[in-house]
Amino acid sequence: MKAATYAETWDLDVFFEGGSESAAFKNYLEELEVDVPSFKVQAESIKVPQTKEDSILLGEILEKFQGIAKRMRQAGAFVGCLQAQDTNDKHASVLRGKVTQLSSQFQNALAAFDQKLVQVDDTVWPELVNAEALTELKFALTERRNRAKNKLQMEQETLINALSVDGYHAWGQLYDTLVSKVKIPYKEDDKVHELSVGQAANKFSSADRSVRKSVFEEWEKAWGSGADLFAHTLNHLSGFRLNVYEKRGWDDVLSEPLEINRMKRETLDVMWKVISENKQPLVSYLKRKADLLGVEKLSWYDLDAPIGGKETKVSYQEGAEFILDQFSHFGEELTSFTKKAFENRWIEAEDRPGKAPGGFCTSFTESDQSRIFMTFSGTPSNIATLAHELGHAFHQHAMAGVHPLNRNYAMNVAETASTFAEMIVADASVKKAKSDDERLALLEDKVQRSVALLMNIHGRFLFETSFYEERKKGIVSTERINQLMEAAQKEAYCDALGEYHPHFWASKLHFYITGVPFYNFPYTFGYLFSLGIYAKALEEGTAFEEKYIALLKDTGSMQVEDLAMKHLGVDLTKEDFWQKAVQLTVQDVEEFLEATK
């Protein structure tokens, strides 16, 4: 039976018809403008729980909290999709400002609510959260209470939220505006084309080194020409964050990201330690790839280059059908969900000008749907990205029966589901290759991802760590930021490259995201954690899917160390787990080196 033809553009009208001019969305925001202040009044007026019986009252206000939270998430997802699909949509930028303002008001309401949790007597708290009405939410409520205890008084936190709208978050929005103006000139057929950032990035997978080199030179020029503005943006965004940390008494810039990721510092430290001690095979791979490309050392723009001078290209339809076929060998639930995502146009993949760079998956919680954004040009890397984002969407789908308060899983475990889906497809691609050349190209694409997650992401982490330490002393100059970036890349890649990307800090959105600080190490955690899960899936076949879904359901209501112990029986603070996970990536490298002797 022939598969349905899958569209390359998503459907947003199912949520609010009319895009950024939608009358329905305008009414939606107007209702939130009434309900958010109303909730704040309720949160401020609710009495501090004194006994176990007060759990019923607390449960009622939690229901209202979740109702508004769902709608706020829906509004934010819609605006984010509008901005991504068309960076020139000025009205979408205006709408984002309104949603940010509402989000700040909602955070103030939650600050009032959290203060009531803090004021509950320590002897009453265990009885309260173990009451029938709240026992399911014990972890989430205790976490909210503890985090609130570590913050300032409500009046001060409210002021921070208010100032962040035109301060902290405004700098993040300015970055998006600046990026929308970046164009990369590219000459083809004696005609110069103005490429968007996303389109230009895809050229780094070209088999022609002269294409990669010329695009990279223009790429560096483009980011360099705006570097002073990007430096101002990064300095002020980080300065706001550091000032808040100082007022809260947080000395370590990693305190918040570790707390958000429900992760111990020992776990992070041991992960990077094991990675750093096992990079030599990756260095050998980079050297071998340089030999195959006929250069002494790889340049930054060679990292994604195909070997053998051939580009493997497939259509979006072929990519979608391949993903569905591979998912079917893992489990029925993942397959049927993915088919629905393709058929119902949940994915924006068209290669066209004016789109934002990169890829993401966002959740429309009120509609129990997701939307995936990317630019598909037919490379193996594109197929991997599509599978990756579908993994995110499946994670959100798996949480459907879980209480809304227990669905707030952290980024590190979010990256687990996405990377797991990506590995299913990557492994299958290698095994089902039609020729030795194709198998080698696909194997190399798999190793490329290990390099990205164990070296590139490490470089980002090293850069941000050093940048924030210098930012504590004052404004960091553009030139110095470039130096910090290049030094971090050299350390992360063990100085195995001949040319680096000093303006990478300007080109990477992740450094400017205000919602999640240190948007880097969770990727590497998720990658290696998912390797442990994937090993179990290979052992058990389709029978593992039920256990996998059970693990995903727990990701929003446990510390990651507890999650790993419960579902995998491993201690994440010890080297053993990480060593075994890294060794799985080394096996791919060894296979590649053997095949390219």
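Residues numbered from 1 in each chain as written. Predicted model: local features only at pLDDT ≥ 70, side-chain atom pairs only at ≥ 80, totals over all residues. Heavy atoms only, no water.

Chemist: For the overall build of the protein chain, give the residues involved together with the corresponding values.
Modeler: Of the regular secondary structure elements, the protein chain holds 24 helices and 7 strands. Relative to the compact-globule value of 25 Å for 597 residues, the protein chain shows a C-alpha radius of gyration of 24 Å, a close match. Taken over the C-alpha atoms alone, the protein chain extends approximately 75 × 55 × 50 Å along its principal axes. Per-residue burial for the protein chain yields a buried fraction of 56% across its 597 residues. In the protein chain, once contacts between residues fewer than 6 apart in sequence are set aside, the share between residues at least 24 apart is 76%. Looking at the protein chain, you have 69 positive and 91 negative side-chain charges, and the mean spots of the two groups are 1 Å apart. (Helix = DSSP H or I, 4+ residues; strand = E, 2+ residues; numbered from the N terminus. Rg over C-alpha atoms; globule rule 2.2 N^0.38 Å. Buried < 20%, exposed > 50% of the residue type's maximum accessible area, 1.4 Å probe, protein only. Contact = heavy atoms within 4.5 Å. Lys, Arg positive; Asp, Glu negative; His and termini not counted. Charge placed at Lys NZ, Arg CZ, Asp CG, Glu CD.)

Chemist: Outline the packing of helix 12 (residues 265–277) against helix 24 (residues 575–595), listing residues and values.
Modeler: A pair of packed helices is characterised by two quantities: the angle between their axes and the separation of those axes. Two elements in contact, helix 12 and helix 24, have axes whose closest approach is 9 Å; the angle formed by their N-to-C orientations is 40°. With respect to helix 24, the axis of helix 12 lies oblique. Between helix 12 and helix 24 lies a crossing whose hand is right-handed. Of the residues in helix 24, those in contact with Thr267, Val270, Met271, Lys273, Val274, Ile275 and Glu277 of helix 12 are Glu575, Trp578, Gln579 and Val582. Its residues placed into classes, the contact of helix 12 with helix 24 shows 6 nonpolar, 2 polar and 3 charged. (Axes fitted to C-alpha atoms, helices over the stretch in contact; angles between N-to-C directions. Parallel < 35°, antiparallel > 145°, perpendicular 65-115°, else oblique. Left-handed = near helix turned anticlockwise from the far one by under 90°. Nonpolar A, V, L, I, M, F, W, Y, C, P; charged D, E, K, R; others polar.)

Chemist: So what about the pattern of salt bridges? Which residues, and what values?
Modeler: Under the defined criterion, the tally for this structure stands at 37 salt bridges. Taking the shortest distance from any N to any O, the salt bridge between Lys40 and Glu44 comes out at 2.5 Å. Of this pair, Lys40 and Glu44 both sit in helix 1 (residues 23–45), separated by 4 residues, roughly a single helical turn. On the basis of relative accessibility, which here comes to 26%, the residue Lys40 falls in the partly exposed class. For Arg209, the salt bridge is made with Asp302, and the minimal N-O distance between the two is 2.7 Å. Taken as a pair, Arg209 in helix 9 (residues 209–225) and Asp302 in the loop between strand 3 (298–299) and helix 14 (316–328) lie far apart in primary sequence, 93 residues in all. (Salt bridge = Lys/Arg side-chain N within 4 Å of Asp/Glu carboxyl O.)

Chemist: Residue-level account of the nonpolar core, with values.
Modeler: In this structure, Phe230, Leu286, Phe463, Tyr493, Trp505 and Leu528 are the most contacted members of the largest nonpolar core, which totals 143 residues. At 14 residues, helix 18 (residues 436–471) tops the list of elements feeding residues into this core. Here Tyr493 is in contact with Val283, Leu286, Trp300, Leu303, Val451, Met455, Asn456 and Tyr500, once residues within four sequence places are set aside. (Core = buried A, V, L, I, M, F, W, Y, C linked by side-chain atoms within 4.5 Å.)

Chemist: Hey, could you go over the packing of aromatic side chains for me, with residue numbers and the actual values?
Modeler: Evaluated as defined, the whole model comprises 48 aromatic pairs. Between Phe25 and Phe78 the ring centres are 4.8 Å apart and the planes differ by 55°, which places this aromatic pair in the tilted class. Residue Phe25 is found in helix 1, and its partner Phe78 is found in helix 2 (residues 55–85); the two are separated by 53 residues along the sequence. A centroid spacing of 5.9 Å and a plane angle of 20° characterise the contact between Phe463 and Phe467, whose relative ring orientation is stacked. Within this pair, Phe463 and its partner Phe467 are both found in helix 18, separated by 4 residues, close to a single helical turn. (Phe/Tyr/Trp six-rings, centres within 6.5 Å; stacked < 30°, edge-to-face > 60°.)

Chemist: I'd like a rundown of unusual backbone geometry, residues and numbers included.
Modeler: Keep in mind that most residues, glycine aside, have a negative phi and that most peptide bonds are trans. Despite not being glycine, Asp368 shows a phi value in the positive range, around 50°. Turning to its location among the elements, Asp368 is positioned in the loop between strand 5 (360–364) and strand 6 (369–373). What makes Asp368 exposed here is its relative accessible area of 53%. For Asp495, which is not a glycine, the phi torsion comes out positive at approximately 50°.

Chemist: Go over the environment of Val589, please, and point to the residues and values.
Modeler: Examined against the element boundaries, Val589 turns out to sit in helix 24. Judged by relative accessible area, Val589 falls into the buried class, the value being 0%. Along the sequence, Val589 and Leu286 sit 303 residues apart, while their C-alpha atoms lie 10.0 Å from each other. Apart from residues lying up to four places away in sequence, Val589 is in contact with Pro281, Leu282, Tyr285 and Val447.

Chemist: How would you explain the sheet that holds strand 4 (residues 347–348) if you had to name every residue and give the values?
Modeler: The strand order across the open sheet formed by 3 strands is 4-6-5, and the pairing between neighbours is mixed. Sheet topology places strand 4 and strand 5 at the edges, where each strand pairs with a single neighbour. Examined bridge by bridge, strand 5 and strand 6 share 5 bridges and lie antiparallel to one another. The residue bridging Phe360 from the neighbouring strand is Phe373, located in strand 6. Of the strands in this sheet, strand 4, strand 5 and strand 6 touch helix 16 (residues 380–398), which is tilted by about 25° from strand 5. (Pairing = 2+ DSSP bridges.)

Chemist: I'd like to hear about helix 12, residue by residue, with values.
Modeler: Its 13 residues place the ends of helix 12 18 Å apart at the C-alpha level, agreeing with the 18 Å of an ideal helix rising 1.5 Å per residue. Among the residues making up helix 12, those that are buried are Thr267, Leu268, Val270, Met271, Trp272, Val274 and Ile275. In the core, the buried residues of helix 12 are packed alongside helix 11 (255–260), helix 18, helix 21 (521–540), helix 23 (560–568) and helix 24. (Expected span 1.5 Å × (residues − 1).)

Chemist: Residue-level account of the pairing of strand 6, with values.
Modeler: Every regular strand shows the same layout, with side chains that alternate between the two sheet faces. Counted residue by residue, strand 6 has 5 buried out of 5 residues, so it is predominantly covered. Side chains Gln369, Arg371 and Phe373 project from strand 6 onto one buried face, and the interleaved Ser370 and Ile372 project onto a second face that is buried too. Strand direction decides the pairing type here: strand 4 and strand 6, joined by 2 bridges, are parallel. Looking at strand 6, one finds that Glu348 is bridged to Phe373. Counted along the chain from strand 5 to the antiparallel partner strand 6, the turn is 4 residues long, and its residue Asp368 has a positive phi close to 50°.

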